[in-house]
Amino acid sequence: MLEQELKEVRRDREGIETELSDLRQKSKNDAPRKNFPDFPEPADLLNQLKARRKKSRADLADMEVVLEILSYAQEQD
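Counting of residues starts from 1 at the beginning of each chain's written sequence and follows it residue by residue. Residue-level local features of this predicted model are given only where pLDDT is at least 70; pairs of side-chain atoms are given and counted only at 80 or more, and the full residue set underlies all totals for whole chains, interfaces and linings. Based on all heavy atoms of the structure, the side-chain values leave hydrogens and waters out of the count.

A. Quick look at the overall build of the protein chain. The secondary structure content of the protein chain amounts to three helices and zero strands. Expressed as a percentage of its 77 residues, the buried residues of the protein chain come to 12%. Expressed as a percentage of contacts within the protein chain between residues at least 6 apart in sequence, the contacts between residues at least 24 apart total 41%. Total accessible area on the protein chain stands at roughly 7100 Å², and carbon and sulfur atoms take up 52% of it. Each helix corresponds to a stretch of at least 4 residues labelled H or I by DSSP, and each strand to a stretch of at least 2 residues labelled E; elements are numbered beginning at the N terminus. A simple rule labels every residue: compare its accessible area, found with a 1.4 Å probe on the protein chains alone, to the largest value its type can have, and call it buried under 20%, exposed over 50%, or partly exposed in between. Should any heavy atoms of two residues lie within 4.5 Å, those residues are counted as being in contact. Using a 1.4 Å probe, the Shrake-Rupley method yields the accessible areas, and only the shown protein chains count as cover for residues.

Shown next, in the form of structure tokens:
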């Protein structure tokens, strides 16, 4: 009886630790955006680029990297 309860608690704990790890990672990824709210969202930036340059091969991941670079450059100033 207690062994079964211990197994359930361990399973729950693993799930909670995984969720906490995911939230920490998301928090790290969102941190530069919170410091520089004047930058557009990556999707908005991509849409603006596609509107101006129809044949652009950039994707959402590229826009996220560009914003990270800009955030880092702005931190250095």
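B. A look at the pattern of salt bridges. One speaks of a salt bridge when a side-chain nitrogen belonging to Lys or Arg is within 4 Å of a carboxyl oxygen belonging to Asp or Glu. In total, this model carries one salt bridge according to the counting rule given. Here E17 and R13 are joined by a salt bridge, their closest N and O atoms 3.0 Å apart. Of this pair, E17 and R13 both sit in helix α1 (residues 2-35), four residues apart, which is roughly one turn of the helix.

C. How the structure looks around the environment of L45. With respect to the secondary-structure elements, L45 resides in helix α2 (residues 42-52). Considered as a pair, L45 and V66 are 21 residues apart in the sequence and their alpha carbons are 9.8 Å apart. If we ignore the near neighbours within four places in the chain, the residues touching L45 are P40, M63 and L67.

D. Here's a closer look at a negative patch on the surface. Together, D59, D62, E64 and E68 make up a negatively charged patch on the protein surface. When you line up the elements, D62 lands in helix α3 (residues 60-76). The patches reported here contain residues having more than 30% relative accessible area and no salt bridge. Joining distances are 9 Å for like charges and 5 Å for nonpolar side chains (Val, Leu, Ile, Met, Phe, Trp, Tyr). Counted as positive: Lys and Arg. Counted as negative: Asp and Glu, with His and the chain ends omitted from the count. Where a charge sits is defined by one atom per residue type, namely NZ (Lys), CZ (Arg), CG (Asp) or CD (Glu).

E. Expanded view of the confidence of the model for the protein chain. Across the protein chain, the average pLDDT comes to 83, with 87% of residues at 70 or higher. pLDDT is a residue-level measure of predictor confidence that goes from 0 to 100. At the low end of the mean pLDDT range in the protein chain sits α1, at 79; at the high end sits α2, at 92.

F. A look at α3. Expected span of a helix: the number of residues minus one, times 1.5 Å. In this model, α3 (17 residues) spans 25 Å end to end at C-alpha, consistent with the 24 Å of a helix rising 1.5 Å per residue. Where α3 is concerned, the buried positions are M63, L67 and S71. One side of α3 carries all its buried residues, which in axial view fall inside an arc of 80 degrees. Exposed positions of α3 whose direction lies more than 90 degrees from the buried face are I69, Y72 and Q76. By arc we mean the arc of the directions from the helix axis to the C-beta atoms, nothing more.

G. Summary view of the side chain of S56. By the element assignment, S56 lies in the loop between α2 and α3. Here a polar contact is recorded for every N or O atom pair within 3.5 Å, except that within protein the pair must consist of a potential hydrogen donor and a potential acceptor, and residues adjacent in sequence are included only if both atoms are side-chain atoms. One polar contact links the side chain of S56 to the main-chain amide nitrogen of A58, over a distance of 3.3 Å. Beyond its immediate chain neighbours, meaning those up to four positions away, S56 contacts L49 and K50.

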